[in-house]
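Results of the structural survey
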Amino acid sequence: MEPFIKHTGLVAPLDRVNVDTDQMVPKQFLKFQTRQGYGRVLFYDWRYLPGEKPNPEFVLNAPRYKGASVILARANFGCGSSREHAPWAILDYGFHAILAPSYADIFYNNCFKNGILPVTLSNEQIDELFARTEKKEGYRVTVDLEKQVVTDDDGLRYAFEVDPFRRDCLLKGLDDIGLTLVHEARISAFEAANLKHPAMYEAVDVKHHSDSPQSARHN
Amino acid sequence: MRQLSNRLEGKVESQPEPNTSNSGIAWPVAAAERVGLRSEGLAEDDGIVTIGVGRLYAPALIQITGTLFPRQETKRMAARTLYEKIWDAHVVREEPGQPTLIYIDRHLIHEGTSPQAFAGLKAAGRKVRRPELTFAVMDHSVSTKNRLLPVLDADARGQFEALERNCAETGVHLFDMNSKNQGIVHIIGPELGITQPGQTIVCGDSHTSTHGAFGALAFGIGTSEIEHVLATQCLTQFKSKTMKVEISGKLPHGVTAKDIILAVIGRIGIAGGNGYVFEYTGEAVRGLSMEGRMTMCNMSIEGGARAGMVAPDETTFEYMEGRPFVPRGREFQDVVDFWQTLPTDPDAKYDDTLTFQARDLAPMVTWGTNPGMVTQVSDRVPDPASFSDPVDREAATRALVYMDLKPGTAIEDIPLDRVFIGSCTNSRLEDLRAAAKVVAGKHVSKSLKQALVVPGSRVVKAEAEAEGLDKVFVAAGFEWRDAGCSMCIGMNDDVLMSGERSASTSNRNFEGRQGKGGRTHLVSPVMAAAAAIEGHFVDIRKWNNVDGAE
């Protein structure tokens, strides 16, 4: 994962509450086997007219937001499906940070696994950012994870909170699995201490089960 | 009730093993006495003995009676909720200021969100740590028509082949599309007994909350986390807050589990549960079958909650007994003893409580583009101007444009194009029985383009066919299909065309969810069935041929 330390970029406003992950990446694009290439389909149904012609009414298609790398969003951003295709598409499109008053749980988690920083600000701060974005073409902000602050060239300075562990992982671009495997001895000890419970940790015996993989394919 | 004492006696003489912790577990005094545990190692309080031991689970605990700690070392457990008990039992590593590493008992995967996880694992040279604890199934993109025909969708075929290859290479058990146990992942987990009370269960699918109906901690995860579980059988997690959602009293005639959960989401909104795990309690919840409890827990995520749970009880144990992956005979008795320790302690505290009176509930219909935009069937489409919050007002305005609905329209006057009975929310045998009862001897409205019944699993399908439900549906003009996610997500060819309107027993009415430009109204199976007959919504409470009348 690429570390996230500090990012400065053009802000694109997405002025809707409850933007769900079905909108970020519609179902027909969930059939691929890669983590790359979803930027083209981000917000597909909103972004394109039939024949994949850009819909001029969708905000990301406005020339002034071309090259944006920070999404300014409303409450409960990323609700719905757990599909990680949503943050993959956001990153692949070129976004590195999100500013919103709140996020849905699974999506928020998924962002940190992909080097995207979802910043939580108050409703009033988000309103102010929408106002500034609308007012000034080319409005840019700097999102500084080290200092935990969002700033602009006109003196705006919003501090934000983020869990220290998540912050550290993002700053260093740490591999989550690698971090857990450091505790391999603990995992093994836990398994050894609990293996005998018939319902919990013992390997499931599929032998008394009539649908073995062999028979399943040919029934 | 099964007799506790019969099962404990034979194990008392087992030799102790070294143990490393002194977590306690509570046992009914009477049961402990019968096996000779009333001794120095016990702390007694309120009819419960607490034994300090190194094992957290009942059967193993009995085996190590010889290591009972002296009374003064016994650690009294504070009263805990169901969620806290499961959490505590799965902590692998806990450090201040860091998320907790918890163990995962069951990992379910499907073709849609797992290929990148296996690819990542392979690229890093890592192995699947416990392949026997992961179960795979093909459900999201499978055809509900003829499975013997080749899969024409090359991308979907690629995912099926990848899942087959990944499972073969790693030793993960796969229910492929031709398995007689194939079905939607959240239907087959419980149905086969893979899902059990007290477990931690994850799946790369937000509706994993379904499994909480058994008193398990179950939640959806992203693909990176799938890879993490494959590699480590653990997840790093932050502890959630707990919300008690109590439904008091008995459900009125025609009101189902689906209506309860839609009413809950309607009240709290789709972000109302963010940061929480819900525990559903109260007489109405106790009175639900496992199927109904699954419907409620399934849609917890639609209220923003990480998980939904129901404490296991006799209904749960009866459901579990005899299922393929559930222990048999004496082992089953042992595991029931453990399950009985799971319900929230009487004095345990929740972070928040929500209370509903069952008698106030009614059949619900969504009118907008998220499950929180919902009202009673006897109501009208709301006027956006009636919302005090400007953000809600704008969202409602936008939703009504997408849904092509006018404020003030009676819900019962909304005409439909298609009806879908299926999905991990409502496609179990009980759902199909209830819907069949409504349509028996009737015929779907001529104004409908399609009425579809998609059983949640092939087991459900076979059971329904054994009862002749397929014939009832087909005679009434429904299509009877093979098992899968189908029109809930529209990844196969079961989709709404642009502008079409559906009554659907599924869980999400997001824009384009069932097909680009499609308009979804979420309802219960009996409401969908009745709507299919009339071609528009009707108040099922006015019909007599409905289950659930009290």
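See the structure printed just above.
On a predicted model such as this, the values are computed, not experimentally measured, just so you know.

Tallying secondary structure elements over chain A gives nine helices and nine strands in all. The 219 residues of chain A split such that 42% are buried. Contacts in chain A between residues far apart in sequence, at least 24 positions, make up 68% of those at least 6 positions apart.

In this section: the overall build of chain B. When its secondary structure is counted, chain B shows 18 helices and 22 strands. With 550 residues in all, chain B has 58% of them scored as buried. When contacts within chain B are restricted to residue pairs at least 6 apart in sequence, long-range pairs at least 24 apart make up 76% of them.

Before going further, it helps to examine the environment of Leu152(B). As for its placement among the helices and strands, Leu152(B) is situated in the loop between β7 (134-137) and α6 (154-170). Exposure remark for Leu152(B): the 9 C-beta atoms within 10 Å place this residue in the exposed category.

With 55 residues of chain A in contact, the opposing surface of chain B contributes 76 residues. Mapped onto the side of chain A that touches chain B, the elements with two or more residues apiece are α1 (21-24), α4 (105-112), α6 (164-172), α7 (176-181), α8 (184-194) and α9 (213-218) of chain A. Counted by class, the side of chain A that touches chain B contains 24 nonpolar, 16 polar and 15 charged residues.

Residues and elements named next belong to chain B. Ordered in space as β14-β13-β12-β15, the four strands form an open sheet in which the pairing is parallel. A single partner strand is all that each edge strand has here, and the edge strands are β14 (307-309) and β15 (352-357). Across the sheet, the axes of successive neighbouring strands diverge by a mean angle of 20 degrees, strand direction being ignored. Bridge count for strand β12 (residues 241-248) against strand β13 (residues 276-281) is six bridges, and the pairing is parallel. Looking at the pairing, Lys 244 lines up with Glu 279 of β13.

Position of Ile187(A) among the secondary structure elements: in helix α8. The contact partners of Ile187(A), leaving out residues within four places of it in the chain, are Val92(B), Thr232(B), Gln233(B) and Cys234(B).

Residue and element names in this part refer to chain A. Taking burial as the measure, the nine residues of helix α3 (residues 85-93) include eight buried ones, the bulk of the element. For α3, the complete set of buried residues consists of His 85, Ala 86, Pro 87, Trp 88, Ala 89, Ile 90, Leu 91 and Tyr 93. At its buried positions, α3 is contacted by α1 and α4.

With that settled, the discussion passes to unusual backbone geometry. Residues and elements named next belong to chain B. One non-glycine residue, Asp 404, adopts positive backbone phi at about 55 degrees. If you trace the backbone, Asp 404 turns up in the loop between α14 (390-403) and β18 (418-421). On the basis of neighbour counts, which here come to 10 C-beta atoms within 10 Å, the residue Asp 404 falls in the exposed class. A positive phi angle, close to 90 degrees, is found at Ser 423, a residue other than glycine. Within the secondary structure, Ser 423 is located in the loop between β18 and α15 (429-439). We classify Ser 423 as buried; it has 28 C-beta atoms within 10 Å.

Burial runs high along helix α4 (residues 82-89) of chain B: seven of the eight residues are buried. All of the buried residues in α4(B) are Leu82(B), Tyr83(B), Glu84(B), Lys85(B), Ile86(B), Trp87(B) and Ala89(B).

What follows covers the pairing of strand β5 (residues 97-100) of chain A. Residues and elements named next belong to chain A. Covered by surrounding structure in β5 are Ala 97 and Leu 99 together with Ile 98 and Ala 100, the residues of both alternating faces. Taken together, strand β4 (residues 70-72), α3 and β5 form a β-α-β motif whose crossover is right-handed. Tracing the backbone out of β5, into α4 and back to the parallel element strand β6 (residues 117-120) gives a crossover that is right-handed.

Let us look at the sheet that holds strand β4 (residues 91-93) of chain B. Residue and element names in this part refer to chain B. If you trace the three strands from one edge of the open sheet to the other, you get β4-β5-β11, paired in antiparallel fashion. The sheet is open, and its two edges are formed by β4 and β11 (234-237), each paired on a single side. Adjacent strand axes in the sheet meet at a mean angle of 40 degrees when their direction is disregarded. As defined by bridge partners, strand β5 (residues 100-103) adjoins β11 across four bridges and the pair is classed as antiparallel. By the bridge assignment for β11, Thr 100 is matched with Gln 237.

Before going further, it helps to spend a moment on the packing of helix α5 (residues 115-123) of chain B against helix α8 (residues 223-232) of chain B. Geometry of a packed helix pair, given as the angle between the helix axes and the separation of the axes. Residues and elements named next belong to chain B. At their nearest, the axes of α5 and α8 sit 8 Å apart, and the two run at 50 degrees to each other. Looking at the two axes, α5 sits oblique to α8. For the element pair α5 and α8, the recorded crossing hand is right-handed. Along the contact surface, α5 presents Gln 116, Ala 117, Gly 120 and Leu 121, while α8 presents Thr 223, Ile 226, Glu 227, Leu 230 and Ala 231. Taken together, the residues that form the contact of α5 with α8 break down as five nonpolar, three polar and one charged.

Parameters and conventions
- Here the residue numbering is sequential within each chain, running from 1 through the sequence in written order.
- Numbering of ligands from 1 and lettering of chains from A proceed in the order in which they are written.
- With the structure being a predicted model, the display of local features is reserved for residues of pLDDT at least 70 and the display and counting of side-chain atom pairs for 80 or more, all residues being used for whole-chain, interface and lining totals.
- Starting at the N terminus, helices and strands are each numbered in turn, a helix being any DSSP run of H or I of at least four residues and a strand any DSSP run of E of at least two.
- Put simply, a residue is buried when 20 or more other C-beta atoms lie within 10 Å of its own C-beta and exposed when 12 or fewer do; between those, it is partly exposed, and each C-beta is set from the backbone.
- Contact between residues is assigned whenever the C-beta positions, reconstructed from backbone atoms, fall within 7 Å.
- Gly is placed with the polar residues, together with every amino acid not listed as nonpolar (Ala, Val, Leu, Ile, Met, Phe, Trp, Tyr, Cys and Pro) or charged (Asp, Glu, Lys and Arg).
- Pairing between two strands is assigned when DSSP locates at least 2 bridges connecting them.
- For helices, the fitted line uses only the C-alpha atoms of the stretch in contact; every axis is such a line through C-alpha atoms, and the angle between N-to-C directions lies from 0 to 180 degrees.
- Throughout, right-handed denotes a crossover for which the path from the first strand over the helix to the second runs clockwise when the strands point away from the viewer.
- Throughout, the term roughly parallel applies to angles under 35 degrees, roughly antiparallel to angles over 145, roughly perpendicular to angles from 65 to 115, and oblique to all others.
- In this scheme the crossing of two helices becomes right-handed for a clockwise turn of the near helix relative to the far one and left-handed for an anticlockwise turn of less than a right angle.

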